[in-house]
Amino acid sequence: MSTFEFPYIPGGYRHIELSDFSLFASPDESSAHVEWLKQTVREVSDALRSFLNFCPKRRLAVCCYRSNQEACECLDRKIDSTMALAPFDDNSKGLIVLQSPEADRRNGDSNRMKRILAHEMAHQFVSEISNSKKVLGDGNVNRIVPAWLDEGFAVVVSRLVWNDITPLKESIELFNNCTELMTFGELNWHLDDLWSKLRDKAFMCSTAAVYLLVQETSVDYVFRHLNIISGRYDNNGVCAPDKFREEIPL
Ligand SMILES: [Zn+2]
């Protein structure tokens, strides 16, 4: 498969080849929005590379679906009209998909989209550094880093890279006051189920857990020790705040 052959791209989409990523967009997408996407993906990519001091070797592609219907058809599943995801990555390339403001006007919110792109790009970086692979619907059999750590890290990075600390502090507050904590296995299960009613709560706990780890060490430490951290927390163990305050060997 060449770097130009990505799955989940609708036939007839424009392929725009840029220096370190490819962009796929509907021929109906306005040139102003395509231009905005080019600039924004570049800005997010530069910010994240510099923040994590990491230069990905996998080729990154971003596809902007014109409508929610097209997104659902291509991904062969129902997704919310504001959702972005990273449905595919292998040893040489990774794909991020998002949806046009035509699908939902909230997709035209610049700050929101920058945060979402940073989140999905963080997943790609995690996948590459941990040597994971993914195809949507594969049950995450080739994912090395568990969902709680992968999602928590993506949320923490997508906030810290834009210096948006308040939501992270709020998640720690909620985590500290949470009465019904979940096990790591339960967190993984709810995070992987896009329609789970407990998905938001699982995101909150995972985000707070990773932010506590980052506060104990550093973003760089967590990013470069993902495989070791993955092995420290058993699926049957409860994901509780005190688990992340113990001494972590540097
Ligand atoms: Zn995510």
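Since the model is a prediction, treat every value here as computed from it, not as a measurement. All residue numbers here refer to positions counted from 1 along the written sequence of the relevant chain. Local features in a predicted model are, by the rule used here, given only for residues with pLDDT of at least 70; side-chain atom pairs are given and counted only at 80 or more, and totals for whole chains, interfaces and linings are based on all residues.

Here's the deal with unusual backbone geometry
Here is step 1 of the chain: With a phi close to 70 degrees, Tyr8 is a non-glycine residue in the positive phi region.
Here is step 2 of the chain: Along the polypeptide, Tyr8 turns up in the segment before strand E1 (14-17).
Here is step 3 of the chain: With phi around 60 degrees, Asn163 is a residue other than glycine that occupies positive phi space.
Here is step 4 of the chain: Numbering of helices and strands starts at the N terminus; helices are DSSP runs of H or I of at least 4 residues and strands are runs of E of at least 2. Its location among the elements puts Asn163 in the loop between helix H4 (147-160) and helix H5 (166-176).

Focus on the sheet that holds strand E4 (residues 85-89)
Backbone hydrogen bonds hold the strands of a sheet together, and the pairing may be parallel or antiparallel.
Here is step 1 of the chain: With respect to topology, 6 strands assemble into an open sheet ordered E1-E2-E3-E5-E4-E6, the strand pairing being mixed. With partners counted over all chains shown, the strands left at the sheet margins are E1 and strand E6 (134-135), one partner each.
Here is step 2 of the chain: Paired strands are those between which DSSP finds at least two bridges. Where E1 meets strand E2 (residues 21-25), 4 bridges bridge the pair, whose relative direction is antiparallel. Its bridge partner lying in E2, Glu17 is registered against Ser22.
Here is step 3 of the chain: Note that contacts rest on C-beta atoms placed from the backbone: two residues are in contact if these are within 7 Å. A fitted line through C-alpha atoms serves as each axis, taken over the contacting stretch for helices, and the angle formed by two N-to-C directions is quoted from 0 to 180°. Here helix H1 (residues 31-52) sits on the sheet and contacts E2 and strand E3 (59-65); the angle it forms with E2, its principal contact strand, is near 150 degrees.

Some remarks on the pairing of E3
Here is step 1 of the chain: Partly exposed residues are those whose C-beta has more than 12 but fewer than 20 other C-beta atoms within 10 Å; with 20 or more the residue is buried, with 12 or fewer it is exposed, and the C-beta atoms are placed from the backbone. Within E3, 6 of the 7 residues are buried, which leaves it mostly tucked inside the rest of the structure.
Here is step 2 of the chain: In the sheet, E2 pairs with E3 via 5 bridges, with the strands oriented parallel. The residue bridging Ser22 from the neighbouring strand is Ala61, located in E3.
Here is step 3 of the chain: Note that the unit made of E2, H1 and E3 has a crossover that is left-handed.
Here is step 4 of the chain: As judged from the 7 bridges shared by E3 and strand E5 (residues 93-99), these two strands associate in the parallel manner. Residue pairing in the sheet places Val62 in a bridge with Ile96 of E5. A crossover counts as right-handed when, viewed with the strands pointing away from the observer, the path leading from the first strand over the helix to the second turns clockwise.

Quick notes on the nonpolar core
Here is step 1 of the chain: To form a nonpolar core, buried Ala, Val, Leu, Ile, Met, Phe, Trp, Tyr and Cys residues must be joined through C-beta atoms within 7 Å. Within the largest apolar cluster, 69 residues are counted, with the highest numbers of intra-cluster contacts made by Val62 and Val97.
Here is step 2 of the chain: For this core, the element with the highest residue contribution is helix H7 (residues 199-216), accounting for 10 residues.
Here is step 3 of the chain: Apart from the residues lying within four places of it in its own chain, the contact partners of Val62 are Phe21, Leu23, Leu37, Val41, Ile96 and Leu98.

Quick notes on the domain arrangement of the chain
Here is step 1 of the chain: Per the domain assignment, the segments of the chain are domain 1 (14-135) and domain 2 (147-244).
Here is step 2 of the chain: Each domain span listed reflects an automatic or database assignment of domains. Taken over C-alpha atoms, the centre of domain 1 sits 23 Å from the centre of domain 2.
Here is step 3 of the chain: Tallying contributions element by element places helix H3 (residues 110-129) first for the side of domain 1 that touches domain 2, with 8 residues.
Here is step 4 of the chain: Each residue is assigned to one class: nonpolar for Ala, Val, Leu, Ile, Met, Phe, Trp, Tyr, Cys and Pro, charged for Asp, Glu, Lys and Arg, and polar for all the others, Gly among them. Split into classes, the residues belonging to the side of domain 1 that touches domain 2 amount to 9 nonpolar, 4 polar and 2 charged.

Some details on the packing of H1 against H3
Here is step 1 of the chain: The geometry of H1 relative to H3 is characterised by a closest axis approach of 10 Å and an angle of 50 degrees between their N-to-C directions. Here H1 is positioned oblique relative to H3, judged by the angle of their axes. The two elements H1 and H3 cross, and the hand of that crossing is right-handed. Contact residues: Thr40, Val41, Val44, Ser45, Leu48 and Leu52 in H1; Met113, Lys114, Leu117, Ala118, Met121, Ala122 and Phe125 in H3. Comment on the angle field: the value is read as roughly parallel under 35 degrees, roughly antiparallel over 145, roughly perpendicular from 65 to 115, and oblique elsewhere. By definition, any crossing whose near helix is turned counterclockwise from its far helix by less than a right angle is left-handed, and any crossing with a clockwise turn is right-handed.

Some remarks on the environment of Tyr211
Here is step 1 of the chain: With respect to the helices and strands, the residue Tyr211 is situated in helix H7.
Here is step 2 of the chain: A residue is classified by how many C-beta atoms lie within 10 Å of it, and Tyr211, with 26 of them, is buried.
Here is step 3 of the chain: Between the C-alpha atoms of Tyr211 and Val97, which are 114 residues apart in sequence, the distance is 26 Å.
Here is step 4 of the chain: With near-sequence residues (within four places) excluded, Tyr211 lies in contact with Val156, Leu168, Ser171 and Ile172.

Re H1
The α-helix advances 3.6 residues per turn, and as a result positions three or four apart in sequence lie on the same side.
Here is step 1 of the chain: Here a helix's expected span is defined as the number of its residues, less one, multiplied by 1.5 Å. With 22 residues, H1 extends 31 Å from end C-alpha to end C-alpha; this agrees with the ideal 32 Å at 1.5 Å per step.
Here is step 2 of the chain: Buried residues of H1: Leu37, Val41, Val44, Ser45, Leu48 and Leu52, and no others. Along the axis of H1, the buried positions cluster into a sector of 100 degrees, meaning they face one direction only. Counted as exposed and oriented over 90 degrees from the buried face of H1: Ser31, Ala32, Glu35, Gln39, Asp46 and Ser50.
Here is step 3 of the chain: Remark: Asn53 follows H1 within two positions and exhibits a positive phi of approximately 50 degrees. Note: the arc covers the axis-to-C-beta directions of the helix.

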